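Listed below, chain by chain, are the residues.
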Amino acid sequence: MSSVTVVDHPLIQHKLTIMRDKETSTAGFRRLLREIAHLLCYEVTRDLELELKTIETPIQEMQAPTLKGKKLVFASILRAGNGLLEGMLDLVPAARVAHIGIYRDHETLQPVEYYFKAPSSLDDRLIIVVDPMLATANSAIAAVDRLKRRGANNLRFLCLLAAPEGVEKFTKAHPDVPVFTAAIDDHLNEKGYIVPGLGDAGDRMYGTK
Ligand code: PRP
Ligand code: URA
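Parameters at a glance
- Residues numbered from 1 in each chain as written.
- Chains lettered and ligands numbered in written order.
- Predicted model: local features only at pLDDT ≥ 70, side-chain atom pairs only at ≥ 80, totals over all residues.
- Helix = DSSP H or I, 4+ residues; strand = E, 2+ residues; numbered from the N terminus.
- Buried ≥ 20, exposed ≤ 12 C-beta atoms within 10 Å, placed from the backbone.
- Contact = placed C-beta atoms within 7 Å.
- Axes fitted to C-alpha atoms, helices over the stretch in contact; angles between N-to-C directions.
- Parallel < 35°, antiparallel > 145°, perpendicular 65-115°, else oblique.
- Left-handed = near helix turned anticlockwise from the far one by under 90°.
- Nonpolar A, V, L, I, M, F, W, Y, C, P; charged D, E, K, R; others polar.
- Near = placed C-beta within 6 Å.

**Considering the environment of Leu 91**
With respect to the secondary-structure elements, Leu 91 resides in helix α3 (residues 81–91). You can call Leu 91 partly exposed: it has 14 C-beta atoms within 10 Å. Sequence spacing of Leu 91 and Tyr 42 is 49 residues, and the spatial spacing of their C-alpha atoms is 8.2 Å. Apart from the residues lying within four places of it in its own chain, the contact partners of Leu 91 are His 38 and Cys 41.

**Examining the packing of helix α2 (residues 26–44) against α3**
With their axes 7 Å apart at the nearest point, α2 and α3 run at an angle of 50° to one another. When the interaxial angle is binned, α2 and α3 end up oblique. In this structure, α2 crosses over α3, and the sense of that crossing is right-handed. Here α2 contributes Arg 30, Leu 33, Arg 34, Glu 35, Ala 37, His 38 and Cys 41 to the contact with α3, which in turn contributes Gly 83, Leu 84, Glu 86, Gly 87, Met 88, Asp 90 and Leu 91. Its residues assigned to classes, the contact of α2 with α3 shows six nonpolar, three polar and five charged.

**Topic: the site of ligand 1**
Around ligand 1 lies a shell of 23 residues, among which Ala 80, Ala 135, Thr 136, Ser 139 and Gly 202 are the nearest. Of all elements in the fold, only β4 (73–78), β5 (96–104), β8 (133–134), α4 (138–149) and α6 (201–206) reach the threshold of two or more residues within the shell around ligand 1. Element by element, the count of residues in the shell around ligand 1 is highest for α4, at three residues. Class assignment for the residues of the shell around ligand 1 results in 13 nonpolar, six polar and four charged.

Right, here's the structure in full:
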């Protein structure tokens, strides 16, 4: 089974509570998601490898640490993934970006892909797949399947909220992909919504419904 990390920093929990509140505005929801993305990004990149390079400070030459290897890829599952993506890019502006358009059919809860665009070389890069919600996990599993078919071999999945059912299904389907989440909620309801959850993340981010 892949590793599952719950990033339960007090600031994340506080901000998540405001996001869950149905009275929180669209603008507030978006801003909070971006802020939480900063804190989650810090954690999901905590073990990145560094190498030394020679630079000159105004005082003297030194060997200074810098990120090692190829640029990271952030893969956003549209639409709601973009809320996390923006915050991740604030911290790692040089990252490459993949967009994976997937929505889940409301009746069958099966994923429907409508768009895919990714950097041409995905092998040997760390790819962090982002989507605020891991419910049935059908969307996340399909996105990771797609990236693996394109050569991805080093992936992590980052979300805001997960259902226990989704965590179990995802880790069985992709045991090599570590999961990072701010919280694991109680259960999924009969419509596939996370309970207590925060509702439909995409709709709350963009004011649609
Ligand atoms: C939401 C969410 C995930 C998916 C999770 O997207 O952002 O992508 O549902 O559900 P699952 O784990 O059961 O697949 P949605 O399909 O509502 O699309 P949207 O982001 O365009 O609103
Ligand atoms: N997608 C959402 O946006 N919210 C849920 O609770 C489940 C899937």
